[in-house]
Structures are given as structure tokens and as C-alpha cells.
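What follows is each chain in one-letter form.
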Number of protein chains: 2
Amino acid sequence: MSPEEHPAPPAAPGKKARLSREIVLSTALALVDAEGLDALTMRRLGQELGRDPMSLYRYAANRAALLDGVSELVLDELAIIPDDPDWQSQLRRIAHDLRLLALRHPNVVPLLVTRPLSTPLGLRPLGTLRPLEQILSLLIDAGFAPVDALHVYRAYYGYLYGHILNELQEFVVDPEENEALLRLGLHRLPPKDFPRLRALAPVLADYDGMAELDEGITILLSGLAGRLPLPDSPTEP
Amino acid sequence: MSPEEHPAPPAAPGKKARLSREIVLSTALALVDAEGLDALTMRRLGQELGRDPMSLYRYAANRAALLDGVSELVLDELAIIPDDPDWQSQLRRIAHDLRLLALRHPNVVPLLVTRPLSTPLGLRPLGTLRPLEQILSLLIDAGFAPVDALHVYRAYYGYLYGHILNELQEFVVDPEENEALLRLGLHRLPPKDFPRLRALAPVLADYDGMAELDEGITILLSGLAGRLPLPDSPTEP
DNA sequence: GCCTACAGTCTACATTGTAGAGAAGTTGCA
DNA sequence: TGCAACTTCTCTACAATGTAGACTGTAGGC
């Protein structure tokens, strides 16, 4: 109880500002970005914030809710602004945006992909549902019947998420020595069982995710456009 | 130390058979199928097998390796037999098979999707890489250049995984009262912010995953076929 | 018989999420 | 100002988890 006891309230003046959900979540996101999902423990996050771990429970009901909050925060970075009248180019732009978002927060992608699996659609964090609503709206405004809009959305988002997963899987290694490491990893495979994969090692090494995504989107969108009744498809004569 | 002490070696004769990796993994899979990923703890699995939890470490280096083993076991259920000469219908069949596999083991899907994200391609369990190799082989045999085969594979598997994630997300609720529950969940959404989604509630409720997958695959494959140089595409004149 | 290898067990510990009671700080009202 | 209600944060405690390390039993080879 001596006066020397208190850690340093005047020494670190900014530290003791009141917590808020935004502060908690963004610190959590920073931690996940920097050190991965496993590093995000209540204790560690508390320490990061200079607070007792228990104080976090005022801003997230439990750890799962905290993870949901982080996904929501990340998805909020995806701005969907309907400025382009052409729905295809809109969807294309959003796809590239989402791809970049995923590359910016690769450690969060598992959350984006798996958290919804354990939560019924209607009960998800609103931020998670917003892109769905916005894209539906975009498509309906472009002239699609609501049911068809849903079809397009599903095919589109399905491919998009799949591509992102694909791309992230190929970049767990340092891009600098990507090729060497890849070869090394693949070298472990028995040549008898994996001839094709081994032969493709150099091709696997230089992967242009953006081009690959763009091509897939083109195929899918023009395929969808040709199959559905819609007002006007600018890219098809 | 009395003779009555020993539990019951003759009473339960089958119980004390020697453990094996297969037994451990298949019990683990059964547990995950029945009660979800969280139920798969070392202690619980040990109990399920009538063994000390520590004995499991002889068959899997740690819990992560156990999870990898479970994914591998599931993927082994996917038989890729190149009987059909038409690559498109082959890929279509595989897609449906994988979809059914996912519906059979929905709790394992998060593993299939996220474990690879933390393991460099070359270091994954072999069982996980086998489908990749086989599909490459199938495409190359069908006449694709290896590089193009990789393109096709990526677009195809990307869409396929995306679709599976999509579909599983819509079926967390009991299909019996699917519609009611969905409406209930969606009812929580603020009408101002989510008009489209709410209006689509009835359509969301009856979702034909198989048809949706098939249509997407058709679009994607015929798009790919039209874009790449390949020997013969039976469905295109 | 004894020796070695291996399967399985026991004990122990650090780390995790989180319940529950309380302290400290803030705000509203007399 | 003083007091009371409320919010925010902290402390202590506990059960559950993964897993290291030493130990025990059992099977086969000499």
C-alpha cells in the first residue's frame, strides 16, 4: 500500500482511456493479423490492452462472440458502392476487393469461412449479412428477378470464396523463396503416386491469383448471363 | 489386489484389442460426426476407446495431427475412378460425390477447408493431395496441357468448395421446420437494412443444393472448355 | 529363465475460458 | 458538497484441456 506501489498511471496517460467495443475488436484484429488466431486468447488480448482479461467480457459475451466481432470488423472493410451501372463489372470489382481483403487479413479467412457454419443465417452478426443484402440489391436493381439474383449470388460467392481459399493455400510460404520451398515440400511426395503434381512444381510456384480469379469470374458471369433472362448484357452481342 | 479387483478382461473380451491408427481415427471421425469438432478432445476420445488419453499419442503426434488424420480419412471416402472418357462428366460426377461426402460429414468440412491453410502444400497428409493428383491426371489424360489442367482444376475445385460451404451454411437448421426457423431468424433483421434478404426468405428456405451445384459446374466447365485449347469437347459442336 | 522393445498408464503441470464477488471510478441528484 | 446508483474493471478461483516424463506391464527372442 506504499505510494510507490501503483504501476504508473501518470507515466502512461493514454493507456487508461475507457475501453470500447471498437478498441477491443480492432486490437483483437491486429493481434490476429500479426500472430494468428491462436494468439488471440482472452489473457493475451487483455495484456495487449493493459487490462484484466475479465474486462473483455463486457464487450463480447465470450470468445466465440469475440471471433464473430473480428470477422464483422474485417467485412466492414469491404465497401460495396453501386456506382457502376454494369452488374458484371460491379461484381468483378467486388471480387477483386474481397480478394485483396483476404490477402490483407489471411489469418481471419478461416473465421470468415467457418463461423457461419455454426450460426443460422438469420442469427449472424449483421455486418456479415450486409454484403449478401447489398449484392442482392445490386442484382435486382440491374433487372434480375429476385430468385435469379439469389442464384447468381450463390454461384458468384461460391466461386469467390473457393478461389480465395485456393489462393491462400498456395501462399503459406515466404514468396521470396517460394519456389525452392515448394520444390522441397513436393520433393517429399512419392514420385510413383504423384507424378503430375511433382512435374507441375514450377508452375505451382508462380501463381497469379488475380488473373486466375478474373478469368474464373469472367467465365462464370458470362455463363450466368447467357442462361438467365435479364434486361441487357453489355458484353454479349 | 484381491482376485475380484481386475475390471473384466474375460467379461469384455473385444475391448482390449490392440489399438491401431485406423481404429483411433475412425473412432475420432465417428465422434466428430456425432457431436462436432469440439467434442473431439484427447480425453474424450480415450474414454471412447476405453484407453488412457495418453495412449493416443502413439498414433498421432498431437491433436492437430489427429485432426489431419480425420480429414484424410474422410477424403479417402472419395473414390476417383477414371471410367468415363468424357472429362466434363467425370468432373461433374466427382463434384456430386464430394458434395454428398460433405453432407455426410458436415462437421469435418471446416477441417477440410482450413487445415490446408496452415500447412504448406508439400507437407500435407498424402491423402489430402491425392484428389488433386488424380484430377490433374484425369485432365492431362483428356488432352489438356499440364498448365491448363492446373487452371481447370483450380477453377473447378474453387467453385466446388465454395458451393459446399454455401450449401452447408444454409442447413444448420432442422430441415423439418426449416422454413419457420429461417423466417424466425430473418425476422430479427431490421427491415430497413435488409429488405431483399427478408423478401427472399421463402426462397431461401427451399434450396436445392444439388441442382445449384450442377448448374454452376455446367457453366464453369463449358466456359473453361470454350476458352482453352483441348482435343475434343463432346458437348460443344 | 532373463533382456529388450514396445503399448499403455499414471502423475503432474502450464494454459485456457469463464463464473462470481468485489473494488474503483463515474454520474445524477439532493 | 454528500450520497447513492450504476458502470467498468479487477481479483480470486476452478474446471477443462493438451501434453511432457517417468513408470508398468506384457510379448517375444536368446
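The structure displayed is predicted, hence computed values, not measured ones.

Rules and cut-offs
- Residues numbered from 1 in each chain as written.
- Chains lettered and ligands numbered in written order.
- Predicted model: local features only at pLDDT ≥ 70, side-chain atom pairs only at ≥ 80, totals over all residues.
- Heavy atoms only, no water.
- Helix = DSSP H or I, 4+ residues; strand = E, 2+ residues; numbered from the N terminus.
- Expected span 1.5 Å × (residues − 1).
- Buried < 20%, exposed > 50% of the residue type's maximum accessible area, 1.4 Å probe, protein only.
- Contact = heavy atoms within 4.5 Å.
- Least-squares fit on C-alpha atoms with pLDDT ≥ 70 in both.
- Core = buried A, V, L, I, M, F, W, Y, C linked by side-chain atoms within 4.5 Å.
- Buried area = accessible area lost by both parts, 1.4 Å probe.
- Salt bridge = Lys/Arg side-chain N within 4 Å of Asp/Glu carboxyl O.
- Polar contact = N/O pair within 3.5 Å; in protein donor to acceptor, adjacent residues only side chain to side chain.
- Nonpolar A, V, L, I, M, F, W, Y, C, P; charged D, E, K, R; others polar.
- Near = heavy atom within 4 Å.

**Some remarks on helix α11 (residues 209-227) of chain B**
Each α-helix winds once per 3.6 residues, and so residues spaced three or four apart point in a common direction. Between its first and last C-alpha atoms α11 of chain B spans 27 Å; for 19 residues at 1.5 Å apiece the expected length is 27 Å, and the two agree. G209, E212, L213, G216, I217, I219, L220, L221, G223, L224 and A225 of chain B are the residues of α11 of chain B that are buried. In this structure, the buried side of α11 of chain B is in contact with α7 (146-169) and α11 (209-227) of chain A together with α4 (87-104) and α7 (146-169) of chain B.

**Looking at the relation of the copies chain A and chain B**
Overlaying chain A on chain B yields an RMSD of 0.1 Å, the required transformation being a rotation through 180 degrees with an accompanying axial translation of 0.0 Å. Each copy turns onto its partner about a two-fold axis. A shared interface surface links the copies, since 100% of the contact residues of chain A are contact residues in chain B too.

**Here we look at the nonpolar core**
Counting residues in hydrophobic clusters, the biggest one holds 140 residues, and the most contacted among them are W87 and Y156 of chain A together with W87, L139 and Y156 of chain B. In this structure, Y156 of chain A is in contact with L91, I94, A95, I135, I217, L220 and L221 of chain A, ignoring residues within four places of it in sequence.

**Focus: the interface of chain A and chain B**
It is common to give the size of an interface as the accessible area that goes away when the parts come together. Counting from both sides, the interface comprises 62 residues of chain A and, opposite them, 62 residues of chain B. Buried area between chain A and chain B, summed over both chains or domains, comes out near 5,800 Å², and the portion from carbon and sulfur atoms is 69%. Among the residues chain A hides against chain B, the three largest losses belong to L117, R154 and R196 of chain A. Together they make up 13% of the total. Counting across the interface, chain A meets chain B through 5 salt bridges. A salt bridge links R130 of chain A to D193 of chain B; the shortest N-O distance between them is 4.0 Å. At the junction of chain A with chain B, the criterion picks out 14 residue pairs in polar contact (both at pLDDT 80 or more). At the level of elements, α5 (109-114), α6 (126-141), α7, α8 (178-187), α9 (195-199), α10 (201-205) and α11 of chain A are the ones that each hand at least two residues to the side of chain A that touches chain B. Of the residues in the side of chain A that touches chain B, the class split is 36 nonpolar, 14 polar and 12 charged.

**A look at the protein's contact with DNA strand D**
In the vicinity of DNA strand D, 17 residues are found, and the nearest of them are D52, M54 and Y59 of chain A together with R43 and M54 of chain B. Within 4 Å of the protein, the atoms of DNA strand D are drawn from sugar and phosphate moieties in a proportion of 50%. In the model, a base nitrogen of DNA strand D is placed 3.2 Å from a nitrogen or oxygen of the R58 of chain A side chain. Between DNA strand D and Y57 of chain B, the relevant distance is 3.0 Å, taken from a phosphate oxygen to a side-chain nitrogen or oxygen of the residue.

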